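The residues making up each chain are set out below.
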Amino acid sequence: MWYDKSRVGIGDMVSFVMNENKQEEQKKNKEHNEKKPQNEPFSEQLWKPYEQTFFHFEDQENRKFIRSTERQIGQLERRISRKKRQENHQVLADMRELHKKVAQVGYTVVCRDTKLMKKYRHVVRMLVRLDVDFLKKMAAGAVPEDIAAMEKTAALLREKSLYEIYKEDYMQYLVGRRIEELMEAEPEKQYPEARGMKRRFILHIGPTNSGKTYEALQRLKQAYHGIYLGPLRLLALEVYDRMMAAGIPCNMITGEETIYTPGHFVQASTIEILNIREVYDIAVIDEAQMMADENRGSYWTRAILGIRAEEIHVCASGTAEDILVRMLKRCGDDYEIVHHERNTKLTFLPERYDMAADVEPGDALIAFSKKNVLAIAAALEGRGIPASVIYGNLPPQTRQEQVRLFTEGVNQVVVATDAIGMGINLPIRRVVFMNTTKFDGVGKRRLLAEEIRQIAGRAGRFGFYDTGYVQSAMDMEYVGKKLAEPFYPIKRARVGFPEVLLDIDTELDEIIEAWEKTGNPPMYDKISMKESVDKYRYLRDYRRKIDYMDDRKLVLTLITCPFDVKDREVLRLWLHYCEKPEKQQNCPMLPKDFSLEGLESYYKQLDLYTQFSARMAWEIDKEEVAANREWAQHEIGELLKEDKGQFEKKCHICGRPLPWNAAYPICDRCYRKMGRD
């Protein structure tokens, strides 16, 4: 600005400069105020992530410019205004698309049509007001500024409204932070009583059929108060029988059944039953490589880290040696390693196995579904070859009877699922893989090397055969390759859901899912809680009102009760028990369906009844339960003893027999006829 010094005094000059500075400041303030929201119902803190989201775009973003930008801004303005008159569900249905559209228009305005910046800024302010109002309607206790303070809010606003971020991301974020505060970084610190003891571990490391469990049990026989922990109730029953035969009083306690012996010295149990507060002098933990199992592995981890015993024998395959040593070093426990070698030779036969010509006494044919096991057994018995069958749903006594028939030579062969690979001692000469894929709960996949080795190792029972043989009806090269593959050590064990998190004030399924998403502690992964979450949602959405959902400890007890969710009758019974879990219930009545599936379902209902009653401390008639259990096992056994032709696969149209592994329910002849018709 020019002025004449000869015509103004010093005072005038000072006033002039001050006025000029004031005008400059007013100009800057005007420009700033155009950017900053005026008289808005939201703070600068809330505006900041919106500004970052809708006014800053990276050059590398893969976006396209839009046409008719001014018209699009006008449409957005009218669209947001209409939301004030709509119902909540109508607003929610359109929020994601609205945020995406604002971001799309913003990209064009910021990068090309900058003259429309003022109008576009007005639209963004309208969007913020809409977001805040809708959040207050849908979640009165939510604080918009707290959501804005979350680091990833700015990125999420291009896809979601503030309310959707609150429900889907912010609550998860809060729970995650709370979980990190409550959880111990090191799982071994969760067992202070065990850390205060001087524990000594003997690690029995070796393949199947190497005598590692036998040696550990010899030491258990000398216990005054000992325990065996294994993966299957059949193994617990086998240990119970061994101890009783040796004159050592033994209890057997599993989730499904209990046998008490007066003056017992030893208890045989499934791994889940371990009472972490009990003190033992000798303990045996069997099949410890299962600590890596996605669904049950945490029980082995809990037992190894937390069992209160002076002397602990752990039996495991070579894959678990490294991680066991690392775990015990972190615990500060003493340990020694005893390596076991197979007692018999194991030989792989590369020739393809032909079931029509190659069946011999002592064969174990392995399939991976109950239907295929029964179909193979039916095909064999149709040719006059009696066969025992073993699969997961068989009751223990029925399975024991099938084992006895094979062991005594009444049945020449055994047809089984991979349940045979977990410690069941049978005089098997040759293991034959009838197929090499299995369904793992998600989809079909090929067998892993460790699974093939575990099953194949059952061949060549010590004391019966000097050599065991392994063969396959398909994929011979694959089986041979996996058997010869080097051992890959287990790198991580599994840990379970910690009850300390139940104090967090939000829905239990949200707590569990947030826990699953938090980082894993060193050496450990979390177990899968998907089935428990599904059970929780069954419970929450159940048609009858359940008034105890706020009691998270009780709910966790109910949803972690193991049962077959795919069996509708068992699921229905569980929901019935959950209506009033404290109310005493009667033993399930005998079934109307006397088919194999109906009887097995009834046996599973008895299992559920026993487990649920134990969790809720019901006083049940144990004699009635035992009688019904024995009846169901007898009926299943009789069905399996009778002509197995009823289980043979047959064409649904003409009734002709189908191969055991037929992929379709009709024969080729009927299929061709249908094509011609």
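The shown structure was predicted, so the numbers you read here are calculated from the model rather than taken from an experiment.

(A) Summary view of the confidence of the model for the chain. Across the chain, pLDDT averages 85, with 91% of residues at or above 70. pLDDT under 50 marks residues 1-18. Its contacts with residues more than four places away, or in other chains, come to five contacts. This model gives residues 28-38 a pLDDT under 50, and the stretch forms twelve contacts once residues within four places in sequence are excluded.

(B) Structural detail: the sheet that holds strand 13 (residues 430-433). With parallel pairing, the six strands of this open sheet are ordered in space as 9-16-13-10-12-11. Whereas interior strands pair on both sides, the edge strands pair on one side only; in this sheet they are strand 9 (345-352) and strand 11 (387-390). On average, each strand axis in the sheet is inclined to that of its neighbour by 20 degrees, with strand direction left out of account. In this structure, strand 11 lies alongside strand 12 (residues 413-416), joined through four bridges in parallel fashion. Following the sheet pairing, valine 389 is matched in strand 12 by valine 415. Lying on the sheet, helix 14 (residues 370-382) is in contact with strand 10 (363-366), strand 11 and strand 12; it crosses strand 11 at an angle near 175 degrees. With respect to the sheet, helix 17 (residues 476-484) is in contact with strand 9, strand 13 and strand 16 (467-472), its orientation differing from that of strand 9 by roughly 160 degrees.

(C) Looking closely at the pattern of salt bridges. Taken as a whole and judged by the stated rule, the model has 44 salt bridges. Between glutamate 451 and arginine 445 there is a salt bridge whose closest N-O contact spans 2.8 Å. Between glutamate 450 and arginine 453 there is a salt bridge, with its nearest N and O atoms 3.8 Å apart. Here the residue glutamate 450 and the residue arginine 453 both occupy positions in helix 16 (residues 449-456), the gap between them amounting to three residues, near one helical turn. Its relative accessible area of 14% is what places arginine 453 among the buried residues. When salt bridges with common partners are traced through the structure, they connect Arg96, Lys152, Lys160, Glu164, Glu168 and Asp169 into a single cluster.

Conventions used here
- Residues numbered from 1 in each chain as written.
- Predicted model: local features only at pLDDT ≥ 70, side-chain atom pairs only at ≥ 80, totals over all residues.
- Heavy atoms only, no water.
- pLDDT = per-residue confidence, 0-100.
- Contact = heavy atoms within 4.5 Å.
- Pairing = 2+ DSSP bridges.
- Helix = DSSP H or I, 4+ residues; strand = E, 2+ residues; numbered from the N terminus.
- Axes fitted to C-alpha atoms, helices over the stretch in contact; angles between N-to-C directions.
- Salt bridge = Lys/Arg side-chain N within 4 Å of Asp/Glu carboxyl O.
- Buried < 20%, exposed > 50% of the residue type's maximum accessible area, 1.4 Å probe, protein only.

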